[in-house]
Structure formats: C-alpha cells, structure tokens
Amino acid sequence: MSTADRASTQRPSSHSVDPQMKIMSKNPIKYALVNFIEHFQVDAFTDKPFKENPAAVCMLEDEDKRDDGWFIRVAAEFNAPITRFLTPIRHNNDAYNDSESDHHFNIRWFTSIVEVNLCGHGTLAAAQYLFTCGLVKSDKIEFLTPSGINLTVKKILSCRHGDTLGISKVLNNVYNGDIPNIPLTLNGVSILNVKKTVPLGDVLIEVSSGQSVIDLKPNFHELQERKGRERVICITGKAPEESGFDFISRVFAPTVGVLEASPRGRVFDLHLDE
C-alpha cells in the first residue's frame, strides 16, 4: 500500500478530529507531478531582491514536443509578469557543451494568457541567469526570437554600477500614429506626439509633462478593449529639470495579461548608438 493510500484510509479517533476532516479522509489524496524544469526568478533593473521587474526564467533542453498551451500554463503557474523559456542552439547536432562558442539560445516570452513577441526586461533577466550560473563563458549572448529578431546582450562596464548588462537590437520601424481611443485613461491630458512601431504594433504617446504621466489613473477595462489594436501602450513625458531624470514613462499591456509593467517605478539608462 502506498503512502498516499495509507494516508487516505487511516482514521484518527473521533474525539480528536473535526467532523469535516472525517469526511475529507474518505477521499483519496490526489496529486500531479510535473517534469522538473530548471528555473529561476530574476528581478531586473535592481540590485535588491523582490524589487522592480520580476521575471521567471526556464531552461529547456528541447521545446519541440510542447505546444503553446503548455508554455502558457507554466507561465500562469509562475504568475510573474513575464516568463521566458530558453533552449540552447546546438551546433553540428552536438550536445550543449558549455564552450565559449555556445552562447546562442532560442528565447520565447509568455504571460499567463498569451505569447509576446518581444520583452526587454525578460531578455536581460535570461542573460543574467545564464551569466550567473556560468552557462556562458563569453561576454555576450545571442538570442533568436520567433519573430526572427536577433537580440544581443553584452556585459558592459558602468562607471556608476560596475558590471551591468546592455541589450542591442535592430529597432522597429516607427511611424506617426493616431491617438488610441482611451479617453478615460488620458482624461484630457495634452498630447504632443503619437508614434506606432511596426511590426510589433506598440504605441508611444508623448504628453506635455512627466507629472501628467504620474497623475494618470488608467482605466484597465478601457485599455483591455484595445485588444488586437495595440500590444503595448507607453505614455511618456519630459521629467522636471530639477529631478535629474530625462523622462517619466508608464507602460500598459493588459491585452497580453500585464496591467501595468513595473508600477513600483524604476530608473534605467538608455544609450543610443549613432
């Protein structure tokens, strides 16, 4: 008899057990085992645990036998804003051998409801996991995405923060766009510019000031109604000169399962190569 069978049939004396417990003890104990997945949680844009942007990172040996539903269910189990799945790209059909040449990985990003085709902080989290665990010996990692965009993450030396990570990619085409129909969220704020990226379909709305961004009270039902029109809506404005920052932004993506990305606030450095 298994441990589970014994647990389901043994009955303590009636004077020491709640009547509801006696009813429960008549039912067999049920459980499910999931194949072990090597995984970590990484907090991006911070040097302190449980701060800023959390992301789950899963390392897979082979993803070919898994359908998209499996990835979504695993992401829902982690319940992080984003879960990324890594698979080593093997050369010459050889097993992954942890050599300096093996720094190429397939990467996919999932929320609890859908796959997304690009995630910056999720990519940095994946790279941090690979570097920290010693799975990559070089100072850069190449990621191949399902959309065909190649991402490169490099170790760089920051004067303020010591060793840190930088991500480079081919920028999406950006065009003038129309103001999304989200009047309850924008609430009459003065809009200076609207841009839309292709092919991702993200929208950037520049408003008159960073304080206007801070004061926004997003209507998430209204934003969710934009499903199929925009993947992400970013609202940004120039920060006050005395703040020491260049701009203040908030990012909303309820149509992919993320109401607001990192509403706790964060600081990041943006460098544009000429």
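Residues numbered from 1 in each chain as written. Predicted model: local features only at pLDDT ≥ 70, side-chain atom pairs only at ≥ 80, totals over all residues. Heavy atoms only, no water.

K.L.:
Can you tell me about helix α4 (residues 120–132), naming the residues and giving the values?
P.N.:
Counted at 1.5 Å a residue, the expected span for α4 with its 13 residues is 18 Å, and the 18 Å between its end C-alpha atoms agrees. α4 sits mainly inside the fold: 10 of its 13 residues count as buried. Looking only at α4, the buried set comprises His121, Gly122, Thr123, Leu124, Ala125, Ala126, Ala127, Tyr129, Leu130 and Phe131. (Helix = DSSP H or I, 4+ residues; strand = E, 2+ residues; numbered from the N terminus. Expected span 1.5 Å × (residues − 1). Buried < 20%, exposed > 50% of the residue type's maximum accessible area, 1.4 Å probe, protein only.)

K.L.:
With reference to specific residues and values, describe the packing of aromatic side chains.
P.N.:
Applying the stated criterion across every chain yields a total of eight aromatic pairs. Between Trp70 and Phe71 the ring centres are 5.1 Å apart and the planes differ by 90°, which places this aromatic pair in the edge-to-face class. Each member of the pair, Trp70 as well as Phe71, carries the same accessibility label: buried. Taken together, Trp70, Phe71, Phe85 and Phe110 form an aromatic cluster joined through their ring pairs. (Phe/Tyr/Trp six-rings, centres within 6.5 Å; stacked < 30°, edge-to-face > 60°.)

K.L.:
Give me the pattern of salt bridges: which residues, what numbers.
P.N.:
This structure, assessed with the given rule, holds six salt bridges. Between Asp202 and Arg231 there is a salt bridge; the shortest N-O distance is 2.8 Å. Of this pair, Asp202 sits in the loop between β10 (191–198) and β11 (203–207) while Arg231 sits in the loop between α7 (220–224) and β12 (233–238), placing them 29 residues apart in sequence. Comparing Asp202 with Arg231, the two get one shared label, buried. Across the pair Arg226 and Glu230 runs a salt bridge whose closest N-O atoms are separated by 2.8 Å. Of the two residues, Arg226 and Glu230, both sit in the buried class. The structure contains a network of salt bridges with shared partners spanning Asp68, Arg108 and Glu115. (Salt bridge = Lys/Arg side-chain N within 4 Å of Asp/Glu carboxyl O.)

Note that all results are geometric; they support no functional claim without further evidence.
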